[in-house]
Amino acid sequence: MQNGRGSALDRELMKKAMACRVHKNRYDMREDGTGMWAVYDIFTGLTAELNGIPQDGFDEVVARFMVRELNDAYIARRKGTTH
């Protein structure tokens, strides 16, 4: 944030982070301007990685699937139901 006001991106990330507290999700998706989609971490704004592989370059259907899978795994970890 700059001068206490913050940028539009800062505000959008904070909004998503606050929503995450309610919904318990961590990941969402965004279009990259070329018709391809990336999964990103709503806390950091960075492209999510799975086993070191960036989760980007997907069509919309695959991106939605990956968001759901990553959020399900995140929720399970927070509940302590995975190792």
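Just above sits the structure.
Summary of the structure given here. (Residues numbered from 1 in each chain as written. Predicted model: local features only at pLDDT ≥ 70, side-chain atom pairs only at ≥ 80, totals over all residues. Heavy atoms only, no water.)

**Re the overall build of the chain**
Inclusion rule: For helices the rule is a DSSP run of H or I covering at least 4 residues; for strands it is a run of E covering at least 2, with both sets numbered from the N terminus onward. Whether two residues are in contact is decided by their heavy atoms: any pair within 4.5 Å suffices. Note on areas: these come from Shrake-Rupley sampling with a 1.4 Å probe, and a residue is covered only by the protein chains present in the view.
Summing up its helical and strand segments, the chain has 2 helices and 4 strands in all. Ordered by position from N to C terminus, the α and β elements of the chain give α-β-β-β-β-α. When contacts within the chain are restricted to residue pairs at least 6 apart in sequence, those whose partners lie at least 24 apart make up 32%. A total of about 6100 Å² of accessible surface is found on the chain, and carbon and sulfur atoms cover 53% of it.

**Side note on helix 2 (residues 60-79)**
The condition that has to hold: Multiply 1.5 Å by the residue count of a helix minus one, and that product is the helix's expected span. Throughout, exposure labels follow a simple rule: accessible area from a 1.4 Å probe, protein chains only, divided by the maximum for the residue type, with under 20% read as buried, over 50% as exposed, and the rest as partly exposed. The term polar contact refers here to a pair of N or O atoms within 3.5 Å; inside protein, the definition further demands a hydrogen-donor-capable atom paired with an acceptor-capable atom, and it admits residues adjacent in sequence only when both atoms are side-chain atoms.
Across its 20 residues, helix 2 extends 29 Å between first and last C-alpha, which sits within 8% of the 28 Å expected from 1.5 Å per residue. Turning to helix 2, its buried residues are Ala63, Met66, Val67, Leu70, Asn71, Tyr74 and Ala76. The N-cap residue of helix 2 is Asp59: its side-chain oxygen and the backbone nitrogen of Val61 are 3.1 Å apart. Where helix 2 terminates, the next one or two residues include Gly80, which has phi positive at roughly 80 degrees.

**Some thoughts on the environment of Leu13**
Considering the arrangement of structural elements, one finds Leu13 in helix 1 (residues 8-23). Distance in space between the C-alpha atoms of Leu13 and Phe43 is 6.7 Å, their sequence separation being 30 residues.

**As for the side chain of Asn71**
You can see Asn71 is positioned in helix 2. In terms of polar contacts, Asn71 uses its side chain to reach the backbone amide nitrogen of Tyr27, at 2.8 Å. Those residues within four positions of Asn71 in sequence are excluded, and the remaining contacts are Asn25, Arg26 and Tyr27.

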